[in-house]
Amino acid sequence: MTAEKPFSFKETPGKLPKQVVPTDYSIRIVPNIDKLTFSGTETVTLSVRNPVRQLVLNALELEISEASFDGKPLPKSAIKIDKENELLILALPSEVAAGDHTLALSFSGKINQQGQGLFYMHYQEQGSPPVAGKKIMLGTQFEATDARRFFPCWDEPVFRARFQLTAVVPENWLAVSNMPIETEKNIAGGKEVRFAATPPMSSYLNVFVAGGLDLIESRSWQTQIRVIATKGKAELGRYALEATAQILGYYNDYFGVPYPLPKLDQIALPGGFGGAMENWGGITYYESALLFDPKNSSAETKQNIYEVIAHEMAHMWFGDLVTMAWWDNLWLNEGFASWMGTKCTAHFNPQWEVWLRRELPRDPTRRVGIVKEAAMESDARATTHPIQQRIATEAEANSAFDDITYKKGQSFLRMLESFLGEDVFRDGIRRYIAAHKYSNTTTTDLWNALSEASKKPIGEIAAGWTAQPGFPVVRVKRGGDEKVRLTQERFTVNFKNAPALQWKIPLTYSIVGLPAEASAQAGASAQAGEAPATLLMTGKTATLQNIPADRSLKLNVNGAGNYRVEYDAASWKLLLEALPKLGVEDRVNLLSDAWALVQAGRAPVSLYFGLVEKLPASTELAEREQIINVLDFINRLFVNNPEREKFQRYARSLLRQTFETLGWEPKEGELPTAGNLRASLIKALGDLNDPEIVAGCRERFEKYLVNPASLAPDLRSSVLAVVGRYADEKTWSKLHELGLKTTSNEEKQNYYNALAESIDPTLVKKTLPIALSDELPTSRALFIVPLVARDSGRPDLAWEFAKANMKTLLAKTDAVGANQYAASLFTFFCEDSRADELKSYAKANLSPASAPAVAKVMDEVQFRAEFKKRLAPQLNAWIDGKERR
Ligand SMILES: [Zn+2]
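Keep in mind it's a predicted model, so treat the numbers as computed, not measured.

Colleague: Which residues make up the coordination of the zinc ion, and what values do they have?
Modeller: For the zinc ion, the protein coordination sphere consists of His311 (NE2), His315 (NE2) and Glu334 (OE), at 2.0 to 2.1 Å. Each donor residue of the zinc ion belongs to the same chain, and together they define the spacing H-x3-H-x18-E. A residue pair is termed long-range when its members are at least 10 positions apart, and His315 in helix α2 (residues 299-317) and Glu334 in helix α3 (residues 330-348) qualify at 19 residues. Comparing His315 with Glu334 shows no difference in burial state: the two are buried.

Colleague: Go over the packing of helix α1 (residues 238-255) against α3 with me, naming the residues and quoting the values.
Modeller: It is at 11 Å that the axes of α1 and α3 come closest, and there the two elements cross at 120 degrees. As judged from the angle between their axes, α1 and α3 are oblique. Where α1 crosses over α3, the two elements pack in a sense that is right-handed. Contacts between α1 and α3 involve Gln246, Ile247, Tyr250, Tyr251, Tyr254 and Phe255 on the former and, on the latter, Phe336, Trp339, Met340, Gly341, Lys343, Cys344, His347 and Phe348. Per-class residue counts for the contact of α1 with α3 are 10 nonpolar, three polar and one charged.

Colleague: Quick one: what's the story with the pairing of strand β25 (residues 472-478), residue by residue and with numbers?
Modeller: Side-chain positions along a regular strand alternate between the two faces of the sheet. Counting buried residues in β25 gives five out of seven residues, a clear majority hidden from the surface. Of the strand pairs in this sheet, β25 and strand β26 (residues 484-490) are connected by seven bridges, and their pairing is antiparallel. Along β26, the bridge assignment pairs Arg475 with Thr487. In textbook terms, the turn of a hairpin is the stretch between consecutive antiparallel strands, and for β25 and β26 this stretch comprises five residues, one of which, Gly480, has a positive phi near 90 degrees.

Colleague: Can you explain the pattern of salt bridges? Please cite residues and give values.
Modeller: Within this structure, the stated rule accounts for 57 salt bridges. Linking Arg148 and Glu86 is a salt bridge whose minimum nitrogen-to-oxygen distance equals 2.8 Å. Of the two residues, Arg148 sits in the loop between β10 (134-141) and β11 (162-169) while Glu86 sits in the loop between β6 (79-82) and β7 (87-96), which places them 62 residues apart along the sequence. Both residues of the pair, Arg148 and Glu86, count as buried. A salt bridge links Glu566 to Arg602; the nearest nitrogen and oxygen atoms lie 2.5 Å apart. On the criterion of sequence distance, the pair formed by Glu566 in strand β31 (residues 564-567) and Arg602 in the loop between α12 (584-599) and α13 (605-614) is long-range, its members being 36 residues apart.

Colleague: Can you break down the sheet that holds strand β19 (residues 276-277) residue by residue, with the values?
Modeller: The strand order across the open sheet formed by five strands is β16-β17-β18-β20-β19, and the pairing between neighbours is mixed. Edge strands, defined here as strands with exactly one partner in the open sheet, are β16 (213-220) and β19. Bridge count for β16 against strand β17 (residues 223-230) is eight bridges, and the pairing is antiparallel. The partner of Ser220 across the bridge, within β17, is Thr223.

Colleague: Provide a residue-level description of the environment of Arg678, including the pertinent values.
Modeller: Among the structural elements, Arg678 can be located in helix α16 (residues 674-687). For Arg678, a relative accessible area of 2% puts it in the buried group. The spacing of Arg678 and Ser718 is 40 residues in sequence and 9.2 Å in space, taken between C-alpha atoms. Once residues within four sequence positions are removed from consideration, Arg678 is found in contact with Phe659, Leu662, Gly663, Trp664, Glu665, Pro666, Lys667, Glu670 and Leu715. Looking at Arg678, its side chain comes within polar contact range of the main-chain oxygen of Leu662, at 3.2 Å.

Colleague: I'd like a rundown of the nonpolar core, residues and numbers included.
Modeller: Core analysis: the largest hydrophobic core is formed by 288 residues, its most contacted members being Tyr251 and Phe609. Among the elements that take part in this core, helix α29 (residues 851-880) stands out by supplying 12 residues, more than any other. Beyond its immediate sequence surroundings of up to four residues, Phe609 is in contact with Leu631, Ile634, Tyr650, Leu654, Leu875 and Trp878.

Colleague: Go over helix α24 (residues 795-804), please, and point to the residues and values.
Modeller: Taken residue by residue, α24 has Pro795, Leu797, Ala798, Trp799, Phe801 and Ala802 as its buried positions. For α24, the secondary structure elements touched by its buried residues are α21 (761-767), α23 (784-791), α25 (806-810), α27 (821-824) and α28 (832-845).

About the cut-offs
- Think of each chain on its own: its residues are numbered from 1, step by step along the sequence as written.
- Per-residue local features of the predicted model are confined to residues with pLDDT of at least 70, and side-chain atom pairs are confined, for both listing and counting, to 80 or more; whole-chain, interface and lining totals are unaffected and use all residues.
- Side-chain measures were taken over the full set of non-hydrogen atoms in the model, leaving aside hydrogen atoms and water.
- A 2.8 Å cut-off from the metal defines N, O and S donors, relaxed to 3.2 Å for Na, K and Ca; water is not in the atom list, so some sites may appear incomplete.
- Each helix corresponds to a stretch of at least 4 residues labelled H or I by DSSP, and each strand to a stretch of at least 2 residues labelled E; elements are numbered beginning at the N terminus.
- Categorising residues by exposure relies on relative accessible area from a 1.4 Å probe, with only protein chains included: less than 20% of the type maximum marks a residue as buried, more than 50% marks it as exposed, and the intermediate range marks it as partly exposed.
- Helix axes are fitted only over the stretch in contact, all axes being lines through C-alpha atoms; the angle between N-to-C directions runs from 0 to 180 degrees.
- Oblique is the label for any angle not covered by the other classes, which are roughly parallel (under 35 degrees), roughly antiparallel (over 145) and roughly perpendicular (65 to 115).
- Note: crossing handedness is left-handed where the near helix turns anticlockwise from the far helix by less than a right angle, and right-handed where it turns clockwise.
- In this description, contact between two residues means that some pair of their heavy atoms is separated by no more than 4.5 Å.
- Three classes are used: nonpolar for Ala, Val, Leu, Ile, Met, Phe, Trp, Tyr, Cys and Pro, charged for Asp, Glu, Lys and Arg, and polar for all others, with Gly counted as polar.
- Two strands are counted as paired when DSSP detects at least two bridges linking them.
- A pair is scored as a salt bridge if a Lys or Arg side-chain nitrogen falls within 4 Å of a carboxyl oxygen belonging to Asp or Glu.
- Counted as a polar contact is a pair of N or O atoms within 3.5 Å, where, for protein atoms, one must be capable of donating a hydrogen and the other of accepting one, and residues adjacent in sequence contribute only when both atoms are in side chains.
- In plain words, nonpolar cores are sets of buried Ala, Val, Leu, Ile, Met, Phe, Trp, Tyr and Cys residues tied together by side-chain atoms within 4.5 Å.

Here is the structure:
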């Protein structure tokens, strides 16, 4: 592993030559909404560092009509577009000396349907009838490499510059950008809005949004904060506005530098893209990730909003004020914002169990998962990559937005923080921000700041986690004496002959309670006061001393470490006896590790279900959700399998008790997460064909049709999904009609998700074409197909449909999605032949940029095929043995 160097402008990778550096852009854009085009002009001040004969910058799908340099027009022949490399090359009439120069360009471009560059959104205005009342508005999405679709620019993050935007929009529209409006004047055909210039920043952080918008606002510290949404919806931003004020105070303190811009806008977009984007001073969100309707939104939506806001706002410092030099350090941006956002959310909302459970930020299907687990699942496979990876092309930059980048980065930072301590870690972050504000960095700059703060060699510890793929499993062996022998090796799933690797592991461990009979005598007092010990495991083996042979030992305390633990039989037995004394974090960690060991073929399935059956009864959300996720995985794996019915009976028996404790209706004094768990259980039991749950959902749906308030918002998505799953034609049409009618994107999604659940092949064929219509926002419509592939149990029908309509579907996706879409539809197959089919389809039809996604999904399909064969007999034997247990 060669250590990366600290940031240096000259040595930063990228396509653009570094002799010419833009310092100030002044851009004027005039959209033509009828034609879905725009025209623009710009003046760029350039600092030329060495004499040059030509200028090389980025442009994509732009036509350049005029160019001039230092006030002199360039001939047409001097303007060259290199389409493949997304470059604009301007030949200069003679060699230009070092110093300040000016470039002026006139250009025109397209307003796109998908969230790339400048795009449009059609939406229904609040209170207007469906379809007929379709409105249009504009937005932008530039990360990673699409600012060049809006104006010609040095579109690599290291080229920081001040951007001053002017735009012409209809008179009754509101226009928003990174900075406040400086002047506004009426001109022919609308009004011209001039925004103040930004501080020096990377091009991908520019934003422009305009439409028939409303806002609510307040002030927090020195900052004007606003929530902006389409007319009639701004008040639904009240929760987001309050959260923003709270989070701003926390970050101003944490980073040690107050938020640097005069205003911060949180902008709800009714379509265009699915996630959220940290444009400096003007963050964009897909509407349901920002707007909260106290009467109709679920607790899940509320928690998600807080977390997404906390993540995006962390970027205002980490990402925007200090920016990674190149896309090979994207993990630094995303891993950090994910970690910081979760930390902040947990700080203000400890009751949500956010460290244990969290929605995947960019996952369009809103699958609930455990952050670390999602990263570790991908990281155990042959298709994984180091979190720091070489990025040469735009397509590779767009492929870097994956689980490993976001979640392994976050897990590693969390492990490091717990090892160094919160205060030391924060001091390191403050040093880092202070030293690099308004500039760029590499990962090494962060390690240096943390090393200074902690006096520990962070770079050395970190290298194994960031520069090499995968992660370790620590094997625990007890010899009957007081010594515990530890061995580390690489942990893999479905990955034969994986290269052996080694890590410096910041281990934590604790001795849990007492053996069963002694703890019974000691009452409930055991456990408290035994703080976790730490050990930096630097070699292949290590030994823990003085561990009493009769006491149980738990490694990876609270599951904060990014490694698995495999206990020998003696240690496992002691742990099972100590279960009631373990906190929920440690129980979830044991469940996750046990299930991973089963997947890896390191343990039989009885290890996992043996643990589940030994758990004390509880309604703790994260623990029950881990079990629900595993049961759900097996239930999908066994579609069309003879073992499925028997498995479903067993699975229901594991969940039933918890549901009966909770009941259908909220109870006074229940845990704050009870609503989430109740909803998860209804959905899970419904999927497992529980007749009482199915009947209960149908009954509640009938009442809901008459009186929507009769169904608690927390339960709506689950109840509708179960109704949709077993729907007849009439029910399907009813759900569809409700989906068409509502102007709330959150509600709309609930109805369409329910349609995608249907297991009746006739209805599946009715659901799929919705992806081609404009009933749903563009960015959401195309995800109906993967939803059907997953939920209906008919991935074959979904694939047949997508294959026939691929071109239309891909036209609706953004750059990040395009590389993954086709492959993602195969994820839920579990036959080897389908992996082969994907391979040949990709070869004939997909771009090379899709290769990582294709490889990942092929691996997943092959794993499922193998796992299914291995699991079925083991599970059968386990269930048959239940009566004897
Ligand atoms: Zn982010």
